[in-house]
Amino acid sequence: MMPIWTKSGEKHAVTLLKVQDCHVLRYVPKEESGGKSAKLLVGGKNVSPFSKPESAHEIFKEAGVPRKQKVTTFNVTEDALIKPGTPLYAAHFRPGQFVDVTGKTIGKGFQGVVKRWGFKGQPASHGQTKTHRRPGAISTNKAAKVYRGKKMPGKMGNIYRTSFGLKVWRINTKHDIIYVNGSVPGHTNCLVKVRDSKLPTYKDCNKNPPFPTFFADGDEELPEDLFDEEIFQFTDPSVTLT
Amino acid sequence: RVSSDGKPPKFQPPPKPVIIDRKTQKEERRFLSPEFIPPRGRTDPLKYYIERKDMIQRRKVFNIPEFYVGHVLAVTTADPHARDKSNRFVGICIQRGGKGLGATFVLRNVIEDQGIEICYELYSPRIQAIEVLKLEKRLDENLMYLRDALPEYSTFDVNMRPVPRMDHEEIPVNKLQVRMKPKPWSKRWERPKYNIKGIKFDLPEHQMKAAQKWSQPWLEFDMLREYDTSKIEEKIRKELSEELEK
């Protein structure tokens, strides 16, 4: 995470996400997939092929791509289909766009009710016998049962969670890095899934996205760094307010 | 010796002694700002490389002078609430923290009997100028104890003129021992954990001895805490000098 300053001098914290060896693996048409739209399987970071059996390598062999650590699905419309085997780059996103990032949260192990659910616990003194971080009562007398989903101690973290509506501030095309506003679920160097935001406020934010994706061997020559309009670039002199 | 013509051999003067002045060679001081050195961790070095590129870019446009803890600096920032939209603050640098673009330094001064500390970010675009008024290192790297010292040690004239610097080589170390207000202090500065050499402790002997109870003499031998930055520093210095010359 890094700080980033706007032209008016305000500071925002930014997470760096690297797009590492992403390839489209397979196209699943709408009828075969159980959902409402066609799906594209996309694979992430390259990993050694020797730790899994040959049967698991079929998808990667079809696409002509080394074995990937993570395979995710994206719901895609019919006009945005991409041929399996095409690499995906960070320039697929543009600064000023809004994005949802999904990742597996940091695992905290078996945790008590105070840390896991934010219960207040009991006072430290004034006669409490061996009761300082316990849940207290778990149901009422009339219910005569404990409801399903009652908040209790258990394994915390290591589940998929999404941060919605994160602004993309900057894109580095040389190293394939996306600068995304705020924090993102997961530990450092973990794999995350970045999608266009599904929030209704950001439906029409992306004016001219590279459609269906950014092709590196195309005619478009992008500069090394793409900045949002509001970012203070370090090539400018210091900010003077009027 | 057998002579060539029967005459005595030509006088060979003894070789002149070559004096290698090791002292001046070692004092070739190369300063590397502490926020360039990456901390120990599992982050990808690519992140630090990219951050360094941004820092170098900022340094090309705006001059960040070399300074240590104990220097007296004057910082002009852009302030939306001031009349001239800019604000000048003079103070002694108490501490330098943070790594990368978020590096900060805290300036302390006492203005009209009110102690003020302001934490500035080195790479913030709001900072318009940083001037070093007085160059002087102190015995410690963290002068937070000035909060509990007598206010005369933290007062600096706001209209102070920059002290002219004699040599371009040495930065003088001020071995000032600061006198403190009566206890209680904000932190127990006599404890060995803080390792402060710049305070004149007027405490009774038994209190100083009792403070030594919290000493952890094994810490300096702990090998897992060792972080040798010499090679990393060399690489970063090379990179910096190359980039700044461009």
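Residues numbered from 1 in each chain as written. Chains lettered and ligands numbered in written order. Predicted model: local features only at pLDDT ≥ 70, side-chain atom pairs only at ≥ 80, totals over all residues. Heavy atoms only, no water.

Attention now goes to the overall build of chain B. Within chain B, the secondary structure is distributed over four helices and seven strands. Helices and strands in chain B line up, N terminus first, as α-α-β-β-β-β-β-β-β-α-α. In terms of its C-alpha atoms, chain B occupies a principal-axis envelope of roughly 95 × 55 × 45 Å. Split into buried and exposed, the 246 residues of chain B put 36% on the buried side. Once local pairs closer than 6 in sequence are excluded, the contacts in chain B between residues at least 24 apart make up 66%. Across chain B, the mean location of the 48 positive side-chain charges is 3 Å away from that of the 38 negative side-chain charges. (Helix = DSSP H or I, 4+ residues; strand = E, 2+ residues; numbered from the N terminus. Buried < 20%, exposed > 50% of the residue type's maximum accessible area, 1.4 Å probe, protein only. Contact = heavy atoms within 4.5 Å. Lys, Arg positive; Asp, Glu negative; His and termini not counted. Charge placed at Lys NZ, Arg CZ, Asp CG, Glu CD.)

Before going further, it helps to spend a moment on the sheet that holds strand β2 (residues 86-97) of chain B. Residues and elements named next belong to chain B. Here we have five strands laid out as an open sheet, ordered β4-β3-β2-β1-β5, and antiparallel in their pairing. Both edges of this open sheet fall to β4 (114-121) and β5 (127-134), since each of them pairs with a single strand only. Put simply, the sheet's adjacent strands are angled 35° from each other on average, direction ignored. Judged from the six bridges that link them, strand β1 (residues 72-78) and β5 form a sheet pairing that is antiparallel. Note that in β5 the partner of V75 across the bridge is I130. (Pairing = 2+ DSSP bridges. Axes fitted to C-alpha atoms, helices over the stretch in contact; angles between N-to-C directions.)

Our focus in this paragraph is unusual backbone geometry. Across the junction of F211(A) and P212(A), the peptide omega takes the value -5°, indicating a cis bond. In the segment running from K183(B) into P184(B), the intervening peptide bond is cis, with an omega of 10°. Summarising the element assignment, P184(B) is placed in the loop between β7 (173-174) and α3 (205-211). Unlike most non-glycine residues, K130(A) shows phi in positive territory, near 50°. Relative to the helices and strands, K130(A) resides in the loop between α2 (113-117) and β9 (154-156). Positive phi outside glycine occurs at A144(A), with the angle close to 60°. Residue placement: A144(A) occurs in the loop between α2 and β9.

Residues and elements named next belong to chain A. One open sheet holds the four strands; their spatial order is β5-β4-β3-β6, and the pairing between them is antiparallel. At either margin of the open sheet sits one strand with a lone partner, and together these are β5 (71-76) and β6 (87-88). In this structure, strand β3 (residues 22-28) lies alongside strand β4 (residues 38-43), joined through five bridges in antiparallel fashion. Considered in β4, the bridge of V28 is made with K39.

This paragraph deals with helix α2 (residues 45-61) of chain B. Counted at 1.5 Å a residue, the expected span for α2(B) with its 17 residues is 24 Å, and the 25 Å between its end C-alpha atoms agrees. The set of residues buried in α2(B) consists of L46(B), K47(B), Y48(B), I50(B), E51(B), R52(B), D54(B), M55(B), I56(B), R58(B) and R59(B). Check the buried side of α2(B) and you find it contacts β1 (2-5), β2 (11-18), β10 (160-172) and β11 (177-181) of chain A together with β5 and α4 (230-245) of chain B. (Expected span 1.5 Å × (residues − 1).)

As enumerated under the stated definition, the model contains 22 salt bridges over all chains in all. A salt bridge links R195(A) to D100(A); the nearest nitrogen and oxygen atoms lie 3.4 Å apart. Of this pair, R195(A) sits in strand β12 (residues 192-196) while D100(A) sits in strand β7 (residues 98-104), placing them 95 residues apart in sequence. Owing to a relative accessible area of 25%, R195(A) belongs among the partly exposed residues under this scheme. A salt bridge links R170(A) to D54(B), with the nearest nitrogen and oxygen atoms 3.1 Å apart. On the criterion of chain membership, the pair formed by R170(A) in strand β10 and D54(B) in helix α2 is interchain, its members lying in two chains. (Salt bridge = Lys/Arg side-chain N within 4 Å of Asp/Glu carboxyl O.)

This part is about the nonpolar core. Core analysis: the largest hydrophobic core is formed by 60 residues, its most contacted members being Y179(A), F105(B), Y123(B) and Y145(B). By size, the runner-up hydrophobic cluster in this structure holds 22 residues, among which are V19(A), A80(A), I82(A) and V101(A). (Core = buried A, V, L, I, M, F, W, Y, C linked by side-chain atoms within 4.5 Å.)

This part takes up the domain arrangement of chain A. All names here are of chain A. The domain architecture assigned to chain A consists of domain 1 (1-19 + 92-105 + 159-241) and domain 2 (20-88). On a C-alpha basis, the centres of domain 1 and domain 2 stand 24 Å from each other. Listed per partner, the contact involves 11 residues of domain 1 and 15 residues of domain 2. Both sides together, the interface formed by domain 1 and domain 2 hides about 1100 Å², and carbon and sulfur atoms give 70% of it. Of all residues in domain 1, V19, L191 and K193 bury the most surface against domain 2, accounting for 44% of the area lost on that side. The interface formed by domain 1 and domain 2 includes zero salt bridges. Across the contact surface, domain 1 and domain 2 share three residue pairs in polar contact (both at pLDDT 80 or more). Sort the elements by how many residues they give to the side of domain 1 that touches domain 2 and β12 lands first, with three residues. Partitioned by chemical class, the residues of the side of domain 1 that touches domain 2 number seven nonpolar, one polar and three charged. (Domains from an automatic or database assignment. Buried area = accessible area lost by both parts, 1.4 Å probe. Polar contact = N/O pair within 3.5 Å; in protein donor to acceptor, adjacent residues only side chain to side chain. Nonpolar A, V, L, I, M, F, W, Y, C, P; charged D, E, K, R; others polar.)

Quick look at α4(B) now. Residues and elements named next belong to chain B. Taking 1.5 Å of rise per residue, the 16 residues of α4 would be expected to cover 22 Å, and the 23 Å separating its terminal C-alpha atoms lies within 8% of that figure. Those residues of α4 that fall on the buried side of the exposure criterion are E233, I236, R237, E239 and L240. Buried residues along α4 sit against α2.

As a general feature of sheets, a regular strand has side chains that alternate between the two faces. Residue and element names in this part refer to chain A. With respect to burial, β3 is a largely interior element, five of its seven residues being buried. In this sheet, β6 lies alongside β3 in antiparallel orientation, the contact comprising two bridges. Looking at the pairing, H23 lines up with P87 of β6.

The next point concerns the interface of chain B and chain A. Taken residue by residue, the interface counts 27 residues in chain B and 27 residues in chain A. Buried surface at the junction of chain B and chain A, both sides included, amounts to about 2200 Å², of which 62% is carbon and sulfur. At the junction of chain B and chain A, the tally comes to three salt bridges. Among the ionic pairs, K53(B) bridges to E224(A), the shortest N-O distance being 3.0 Å.

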